[in-house]
Amino acid sequence: MMAQTINTEVTRTDARRKVTGSAIYAADITPSGMLHGALACSAVAVGEVISIDTSAAESAPGVVAVYTHENIPDYKPVKGFYAGGPGSASFWPMEGTEIRYAGQPIAYVVAETAAAARRGADLVKATYEEKTGAIHMDDEASFVVGASGESDGMVLTKGDLEKGIEQAAQVVDMTFTTPFQHHNPMEMFSATAEWRGEQLTVWMPSQSVRTLRAGIAGAYGLPETSVRVISPFVGGAFGSKAGITPYTMLTIAAAKAVGAPVRLVVARPQMYTVATFRPESHQRFRLGADAEGRLTAFEHVEIAQTSQFDDVVNPGTHITRAMYACPNIHTEQRLSRSDTNTGGFMRAPNEMQTFFGLESAMDELAWKLGVDPVELRRANDTMTHPTADVPFSSRSLMESYDAVSRSFGWEERGREVGSMTDGDWLVGYGCATATYPTNILASNARVRMQANGNAYVELAAHDVGTGTYTIMAQVAAARLGLTVDAVDVIMGEADLPVAPLSGGSTTAASAGSAVHDACLKIGQQVAARVSAMPEGPLSGLNPGEIRLEDGNLHGPDGQSQSLKDALGMLPEGEIEAVGTFRHQALTDKLIKATFMGGYGTAGPVTPEFAMFAFGAEMVEVRIHKYTHEIRVPRIHGAFAAGTWLNRKTAHSQLMGGMIWGIGSALHEVTETDKPRARYLNTNIAEYLIPVNADIREVRVEMLEEQDDYVNPLGVKGIGELGIVGTAGAIGNAIYHATGKRLTSLPFRIPDMISA
């Protein structure tokens, strides 16, 4: 049992630093003699650079150098992520004259000031041989991921789908579409590089400093000890800062060429093309159910957009087919190419859009059958994974529905479409399931405790705004019997003990388990020392029978001594241990991948269990009869994700996910210029996100759940869970209010008029 720093509300240890502006981010660090970089980007989407004129830029005041494909020295591309490497894409601009997408970097300007660099970039002029591009995908040209798709589950068939359709009392056959969406974190993309001989330091907001270091070192043929990567805080990432981007390597090359440190802060419009984004998707669902609501057939075919040069595989079908019991299942993961940069991870990378489709189709089926949408999900709940045929390690889906139904007042809804009004407003209630896979990565952590009651935790993890500094301190404090403010956590440097990337909702579970293990080892080491001493409460005991609990060492017959007091008996007055987390599902190959800077992820399905966090969301929408504007005055969610390490930061993550879900449902879309194959609204003013007036009552309920399989802490990831069900719940509420089934995100006034 842990001390009461776990499953309580603990204020972030870095809160004061963040609100006062004293927290240090990567772009806040200014090496001596630093110069500034800026990018010039392609004005066409597809074609070739015929000539590039840099003379005006080179003669501009303050400009030090201008690099293009003709003269950039030591520019080293790295292998793309979707080909097994750390790069955000496999195509690297400025290696040649080819243009593969609009906004592709074509020149890198170095100047004495940031303003001079931007001015110089504006003066770079290129002429092109332009070709026709297509920014949207063509469903007819889609293909199955991989050679056949069968071996890795990209295509899966269980039972006889068509027979299940024939047996159904009701069938739903619907297609859903989701748009391009782009990251717009408050912290801009940036990279600062400094060479000192063959020693390189890179300051960059990163979700995986180990991956960044390994990729850079490999590209330059350097030992990893010659590359230092520092990322103390990350001001928003959500997948956008998980890999190595061309602007990173261009900055490193420019710094080496000019012989001085160089910092690049990417301009907001350029952020849409120099990193990743959420690709658009088209999804077909066919669901059949008998008269009692039990599914007889389940089909999900997803076509996702990808670039011409990468196969972006963030499979949603793997998750949707895990959701509900059904004897006849067919899922298929397909891709279709278009002339864009490569997409990637964006909060709940495929769960968000696929569950919009799944939960909308389930709602449609419930209305066709004349059953309560919650009861339809109850009829198809299962404690066994429908296709993997292993039990869930824990699954509190219906407990989540029951809790949110009470909180929201689900039973008070009108039973007929359009039956609820308030003056000129149509009122609708909708529900949807949320889930997120529990992924597992290996992790290490070093913990040092002193007899004066201080402790230090070190690991190469990251705080991307989720409260990781606080959570790691909580875990150590709980085991060592200290207050949270007595634990100093050091993260964000690649030289520290290996920790997983901050993505896939893995950090708290995997890295926290390594901290937990280090603290247990400290207890074991201290127990071995003091039990061998001639005097003391634990003298003469078998150290193997001494256990550490809540900061106290306990003997088998009631003997006890605080860890702090026992540590004070040691002449050095401190002790250090390196903890490890190695889940039984992690193979040697996966562990090696993590330690080599890769992503050695196991789960969510193992030979023993399927591991998922679950939740249920309910939404009230109001739609004006005459203006058709859509409002969301209430959204409630109940979630179960194992042990809650910090109820305050967990609440914040779940609430933030639901708010982002409202944005995805009603606001967020990257508009495109189809003839020119370009993104249009590449700024924070026109790329719409929710503001205070859009968000009213958001209520989060966190259920207690025990899961002894996922990790020693019993923790499941939550950073992405909250967003998954929101769009589906809003769409379902719109149908309840109006009888209009909207199948494309985002939902807007013209959709309400034309539906």
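This write-up is about the structure you can find in this document. All residue numbers refer to positions counted from 1 along the written sequence of the respective chain. Restriction of local features to residues with pLDDT of at least 70 applies here, the model being predicted, together with a cutoff of 80 or more for giving and counting side-chain atom pairs; totals for whole chains, interfaces and linings are based on all residues. Hydrogens and waters are ignored; side-chain quantities use all the structure's heavy atoms.

1. Digging into the overall build of the chain
Counting its regular elements, the chain contains 17 helices and 32 strands. By the compact-globule yardstick of 27 Å for 755 residues, the chain fits well, its C-alpha radius of gyration being 27 Å. Projected onto its principal axes, the C-alpha coordinates of the chain cover approximately 85 × 75 × 50 Å. Within the chain, buried positions represent 63% of all 755 residues. Put simply, of all contacts in the chain between residues at least 6 apart along the chain, 81% involve residues at least 24 apart. Across the chain, the 61 positively charged side chains and the 85 negatively charged ones have centroids separated by 2 Å. Each helix corresponds to a stretch of at least 4 residues labelled H or I by DSSP, and each strand to a stretch of at least 2 residues labelled E; elements are numbered beginning at the N terminus. This radius of gyration counts C-alpha atoms alone. The globule rule is 2.2 Å times how many residues there are, raised to the power 0.38. Three exposure classes are used, based on accessible area relative to the maximum for each residue type with a 1.4 Å probe and protein chains only: buried under 20%, partly exposed in between, and exposed over 50%. We call two residues contacting when some pair of their heavy atoms lies within 4.5 Å. Charge counting treats Lys and Arg as positive and Asp and Glu as negative, with His and both chain ends excluded. Taken as the charge location is NZ of Lys, CZ of Arg, CG of Asp or CD of Glu.

2. A closer look at the sheet that holds strand S4 (residues 98-99)
Pairing between two strands is assigned when DSSP locates at least 2 bridges connecting them. Taking strand neighbours across the sheet as the criterion, the three strands line up as S4-S2-S6 in an open arrangement whose pairing is antiparallel. Two strands bound the open sheet, and with one partner strand each, they are S4 and strand S6 (125-131). Judged from the seven bridges that link them, strand S2 (residues 46-53) and S6 form a sheet pairing that is antiparallel. Within S6, the residue paired with Gly 47 across the bridge is Glu 130.

3. Quick notes on the sheet that holds strand S29 (residues 630-640)
Read from one edge of the open sheet, five strands run S19-S20-S28-S29-S32, paired in mixed fashion. Looking at strand neighbours, the two that pair on one side only are strand S19 (421-422) and strand S32 (697-703), the edges of this open sheet. Strand direction decides the pairing type here: strand S20 (residues 425-437) and strand S28 (residues 612-624), joined by 13 bridges, are antiparallel. Bridge pairing in S28 places Gly 428 opposite Val 621. Of the strands in this sheet, S28, S29 and S32 touch helix H15 (residues 647-666), which is tilted by about 130° from S32. Orientation is described by axes fitted as lines to C-alpha atoms, over the contacting stretch for helices, and by angles from 0 to 180 degrees between their N-to-C directions.

4. Observations regarding helix H3 (residues 114-123)
Of all the residues in H3, the buried ones are Ala 116, Ala 117, Gly 120, Ala 121 and Leu 123. Buried residues along H3 cover an arc of 160° about the axis, so they all sit on one side. This arc is taken over the directions from the axis of the helix to the C-beta atoms.

5. With respect to helix H8 (residues 351-369)
With 19 residues, H8 extends 26 Å between its outermost C-alpha atoms, agreeing within 8% with the 27 Å of an ideal straight helix rising 1.5 Å per residue. Of all 19 residues in H8, 17 are buried; the element is thus mostly enclosed. Here the expected length of a helix is defined as 1.5 Å per residue gap, with one fewer gap than residues.

6. A short note on the environment of Ala 641
Along the chain, the position of Ala 641 falls in the loop between S29 and H15. Sequence separation between Ala 641 and Ser 396 is 245 residues, and the spatial gap between their C-alpha atoms is 8.5 Å. The contact partners of Ala 641, leaving out residues within four places of it in the chain, are Ala 613, Glu 705, Gly 714, Val 715, Lys 716 and Ile 718.

7. Examining the environment of His 136
Among the structural elements, His 136 can be located in the loop between S6 and strand S7 (143-144). Its relative accessible area of 27% is what places His 136 among the partly exposed residues. Between the C-alpha atoms of His 136 and Pro 279, which are 143 residues apart in sequence, the distance is 9.8 Å. If near-sequence neighbours (up to four positions away) are discounted, His 136 is found in contact with Phe 180, Glu 280, Ser 338, Thr 672 and Lys 674. Side chain to side chain, His 136 and Glu 280 meet in a polar contact 3.1 Å long. In protein, a polar contact means a hydrogen-donor-capable atom and an acceptor-capable atom, both N or O and within 3.5 Å, with residues adjacent in sequence counting only if both atoms are side-chain atoms; elsewhere, any N or O pair within 3.5 Å suffices. A polar atom in the side chain of His 136 sits 2.8 Å from the side chain of Thr 672.

8. Details of the pairing of strand S1 (residues 35-41)
Here S1 lies mainly inside the structure; six of its seven residues are buried. As defined by bridge partners, S1 adjoins strand S14 (residues 262-265) across three bridges and the pair is classed as parallel. The residue of S14 that forms the bridge with Leu 35 is Val 262. Two elements, S1 and strand S5 (residues 105-111), share six bridges in a ladder whose sense is antiparallel. By the bridge assignment, Cys 41 is partnered in S5 with Pro 105.

9. Quick word on the nonpolar core
Think of a nonpolar core as a cluster: buried Ala, Val, Leu, Ile, Met, Phe, Trp, Tyr and Cys residues, connected wherever their side-chain atoms sit within 4.5 Å. Core analysis: the biggest nonpolar cluster contains 98 residues, and Ile 730, Ile 734 and Phe 747 have the highest contact counts within it. At nine residues, H8 tops the list of elements feeding residues into this core. Apart from residues no more than four positions distant in its own chain, Ile 730 is found in contact with Val 619, Val 621, Val 632, Ile 662, Ala 665, Leu 666 and Phe 747. The next biggest cluster of nonpolar side chains, apart from the first, holds 62 residues, and it includes Ala 23, Val 475, Ala 486 and Leu 538.

10. Observations regarding the pattern of salt bridges
Salt bridges are identified by distance alone: a Lys or Arg side-chain nitrogen within 4 Å of an Asp or Glu carboxyl oxygen. Under the definition given, this model contains 38 salt bridges. Here Glu 458 ties to Arg 446 by a salt bridge, and the two come within 2.8 Å at their closest N and O atoms. Of this pair, Glu 458 sits in strand S22 (residues 455-458) while Arg 446 is found in strand S21 (residues 443-450), placing the two residues twelve residues apart along the sequence. Residue Glu 458 is classed as partly exposed on the basis of its relative accessible area of 22%. According to the relative accessible area criterion, Arg 446 is partly exposed, its value standing at 23%. As a salt-bridge pair, Arg 622 and Glu 620 come within 2.8 Å of each other at their nearest N and O atoms. Residue classification places Arg 622 among the partly exposed residues on the basis of a relative accessible area of 23%. One continuous salt-bridge network, built from bridges that share partners, spans Asp 422, Glu 620, Arg 622 and Arg 634.

11. Concerning the packing of aromatic side chains
Centres within 6.5 Å are what make two rings of Phe, Tyr or Trp a pair, Trp counting through its six-membered ring; a difference in plane orientation under 30 degrees is then read as stacked, over 60 as edge-to-face, and the rest as tilted. Counted by the stated rule, this structure contains 27 aromatic pairs. Pairing Tyr 25 with Phe 233 gives two aromatic rings, centres 5.7 Å apart and planes at 45°, and the pair type is tilted. Note that Tyr 25 is positioned in the loop between helix H1 (15-20) and S1 and Phe 233 in the loop between strand S13 (227-230) and helix H6 (246-258), a separation of 208 residues in sequence. Plain terms: the ring middles of Phe 277 and Tyr 679 are 6.1 Å apart, the flat faces sit at 65° to each other, and that makes the pair edge-to-face. In this pair, Phe 277 sits in strand S15 (residues 277-278) while Tyr 679 sits in strand S31 (residues 678-679), placing the two residues 402 residues apart along the sequence. Here Phe 277 falls in the buried class, since its relative accessible area comes to 0%.

12. Side note on the packing of helix H11 (residues 468-480) against helix H12 (residues 507-531)
Between H11 and H12, whose axes approach to 9 Å, the crossing angle comes to 30°. The angle between H11 and H12 places the two elements in the roughly parallel class. For H11 against H12, the interelement crossing comes out right-handed. Contacts between H11 and H12 involve Thr 468, Ile 471, Met 472, Val 475, Ala 476, Arg 479 and Leu 480 on the former and, on the latter, Thr 507, Ala 508, Ala 511, Gly 512, Val 515, His 516, Cys 519, Leu 520 and Ile 522. Partitioning the contact of H11 with H12 into residue classes produces eleven nonpolar, four polar and one charged. Any angle between 65 and 115 degrees counts as roughly perpendicular, while under 35 counts as roughly parallel, over 145 as roughly antiparallel, and the rest as oblique. Here is the rule for handedness: rotate from the far helix to the near one, and if that takes an anticlockwise turn smaller than a right angle the crossing is left-handed, while a clockwise turn gives right-handed. Polar here means any residue other than Ala, Val, Leu, Ile, Met, Phe, Trp, Tyr, Cys and Pro, which are nonpolar, and Asp, Glu, Lys and Arg, which are charged; Gly is therefore polar.

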